[in-house]
Amino acid sequence: MSRPLRIEYEGAFYHVMNRGLNQNLIFSDRKDYETFLSTLEEGCRLFNVNLYAYCLMPNHYHLLIRTPSGNLSRFMRHLNGVYTQRYNREHHRDGPLYRGRFKSILVQDDAYFIEVVRYIHKNPVKAKIVDHLSRFHWSSHKSYIGKKDSILGLDTDFALSYFSRKKKTAITRYKSFMAEKESEEIVEFYESKKQGCILGDADFIERIKEKYILSDPDIEVPEKREIRGEGVVVLVKR
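What counts, and at which threshold
All residue numbers refer to positions counted from 1 along the written sequence of the respective chain. Residue-level local features of this predicted model are given only where pLDDT is at least 70; pairs of side-chain atoms are given and counted only at 80 or more, and the full residue set underlies all totals for whole chains, interfaces and linings. Side-chain measures here rest on the full set of heavy atoms in the structure, leaving out hydrogens and waters. For the exposure calls, accessible area comes from a 1.4 Å probe over protein chains only, and a residue counts as buried if that area is under 20% of its type's maximum, exposed if over 50%, partly exposed in between. Counting from the N terminus, the helices are the DSSP runs of H or I reaching at least four residues and the strands are the DSSP runs of E reaching at least two. Strand pairing is defined by DSSP finding a minimum of two bridges between the two strands. N or O atoms closer than or at 3.5 Å make up a polar contact, with two conditions inside protein: a donor-capable atom paired with an acceptor-capable one, and, for residues adjacent in sequence, both atoms drawn from side chains. Any two residues having at least one pair of non-hydrogen atoms within 4.5 Å are treated as being in contact. Along the arc lie the directions from the helix axis toward the C-beta atoms. Note on definitions: salt bridges are taken to be side-chain nitrogens of Lys or Arg within 4 Å of carboxyl oxygens of Asp or Glu. The set of buried Ala, Val, Leu, Ile, Met, Phe, Trp, Tyr and Cys residues whose side-chain atoms join them within 4.5 Å is what this entry labels a nonpolar core. Stacked, tilted and edge-to-face pairs are distinguished by plane angle, under 30 degrees for stacked and over 60 for edge-to-face with tilted covering the rest, among Phe, Tyr and Trp rings (Trp via its six-membered ring) whose centres lie within 6.5 Å. The criterion for a charge sitting over a ring is simple: Lys NZ or Arg CZ within 6 Å of the ring centre, and within 35 degrees of the ring normal. Note on definitions: angles span 0 to 180 degrees between N-to-C directions of axes, and those axes are lines fitted to C-alpha atoms, for helices only across the stretch in contact. What sets the label is the angle itself: under 35 degrees gives roughly parallel, over 145 gives roughly antiparallel, 65 to 115 gives roughly perpendicular, and the rest give oblique. What makes a crossing left-handed is the near helix being turned counterclockwise from the far one by less than a right angle; a clockwise turn instead makes it right-handed.

A.B. asks: Looking at this model, I keep getting lost on the pairing of strand β4 (residues 103-107). Mind explaining?
C.D. replies: Sheet faces and side chains relate simply in a regular strand, where the side chains alternate between the two faces. With four of five residues buried, β4 lies mostly within the body of the structure. Where strand β1 (residues 12-19) meets β4, five bridges bridge the pair, whose relative direction is antiparallel. Bridge pairing in β4 places F13 opposite V107. Taken together, the two bridges between β4 and strand β5 (residues 198-199) define a ladder with parallel strand orientation. Paired with L106 across the two strands is I198, which belongs to β5.

A.B. asks: What exactly am I supposed to notice about the side chain of E182 here?
C.D. replies: Along the chain, E182 turns up in the loop between α7 (167-179) and α8 (184-191). Among the polar contacts made by the side chain of E182, one reaches the side chain of K126 at a distance of 3.3 Å. Setting aside chain neighbours within four positions, we find E182 in contact with R118, Y119, K122, K126 and V187.

A.B. asks: Is there a simple way to think about the environment of G81 in this case?
C.D. replies: In this structure, G81 sits in helix α2 (residues 72-91). Measuring from C-alpha to C-alpha, the distance between G81 and Y98 comes to 9.7 Å, with 17 residues separating the pair along the chain.

A.B. asks: Can you help me understand α8 in this one?
C.D. replies: One turn of the α-helix equals 3.6 residues, which is why residues spaced by three or four share an orientation. When we look at burial in α8, the residues that qualify are I186, F189 and Y190. Mapping the buried residues of α8 onto a view down its axis gives an arc of 85 degrees, with all of them on the same face. Facing away from the buried surface of α8 by more than 90 degrees, the exposed residues are E184, E188 and E191. Against the buried residues of α8 lie β1, β4, α3 (111-121) and β5.

A.B. asks: For this particular structure, what's the right way to read the pattern of salt bridges?
C.D. replies: Oppositely charged side chains can pair when the atoms bearing their charge come close. Enumeration according to the criterion identifies nine salt bridges in this entry. Notably, a salt bridge pairs E90 with K31, separated by 3.2 Å at the nearest N-O pair. Linking E90 in helix α2 with K31 in helix α1 (residues 30-47), this pair joins segments that are 59 residues apart in sequence. Look at E90 and you get partly exposed, because its relative accessible area is 35%. Take K31: its relative accessible area is 45%, and that puts it in the partly exposed class.

A.B. asks: Even after reading the chapter, I still don't get the nonpolar core, so can you show me in this structure?
C.D. replies: Most often, soluble globular proteins have nonpolar side chains that are buried together. Formed by 72 residues in total, the largest nonpolar core has its most connected members in F36, L40, L56, Y61, L63, I65 and F75. Those residues within four positions of L63 in sequence are excluded, and the remaining contacts are Y14, H15, V16, F36, L40, A53, Y54, L79 and I120.

A.B. asks: Sorry, what's going on with the packing of aromatic side chains here?
C.D. replies: Any aromatic ring pair is given by two values, namely how distant the centres are and how the planes are angled relative to each other. Tallied over the entire structure, the rule returns 22 aromatic pairs. Taking the centre distance of 5.4 Å and the plane angle of 90 degrees together, the rings of F27 and F36 count as edge-to-face. In this pair, the class of F27 matches that of F36, namely buried. By way of ring pairs, the aromatic residues F27, Y33, F36, Y61, Y83, Y87, Y98 and W138 are connected into one cluster. Over the ring of F102 we find R6; its NZ or CZ atom is 3.9 Å from the centre of that ring. Lying across the ring of F177, R118 places its NZ or CZ 3.7 Å from the centre.

A.B. asks: What is the right way to look at the packing of α3 against α7 in this model?
C.D. replies: Each pair of packed helices can be described by the angle between their axes along with the distance between the axes. It is at 10 Å that the axes of α3 and α7 come closest, and there the two elements cross at 65 degrees. One element, α3, and the other, α7, form an angle in the roughly perpendicular class. At the point where α3 passes α7, the crossing takes the right-handed sense. Along the contact surface, α3 presents I114, E115, V117, R118 and H121, while α7 presents Y174, F177 and M178.

Functional significance is not addressed by these values, which are geometric in nature.
Here's what the structure looks like:
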């Protein structure tokens, strides 16, 4: 089975996620969550990665990041590999922790970005783990509203600036935004059985296709791969 196509370039934004093998837990207790966050902090520092949002669920995680150095795969190899080692050591186990390679969605830096922040933060409520976002500890939502110290390297200002340049006003508008329903476009994208690997408008997807896919000499003509974006399907060769 071929590997999913990775689109990597300097300054790209990604929604990254991974699940436990056979839906098994990847966080068994509080210490595991703390270990993952410390490993995440470490990885962001070592690989120059910007972190904007996270949500750690019992058997999977979500991250919203930016890679100024265009090194997504290296960063994720460190994060998943080192955390697996630490988890296995703590729980006296051996073998893989995750079901496979991580999934990444390239995100356009505009309204789509803030929609992904909302999607990530709402996961615990949609999964009925809690009935209100403020009751979930293992996400960056509380940091956004000033009720929890941010983990080292978490940038909340970038997303909040979408709402206002004034911090207090931005937090108020962010809370209102989180209370609203997700857009139909976002719901359709994430609920699709053939979920895309690019989230953005048609122009963004076309630019990515032209600059990073069709211009790549390593992508061969005979083997077709589908790159789905928001409302667009691009056939490329792999």
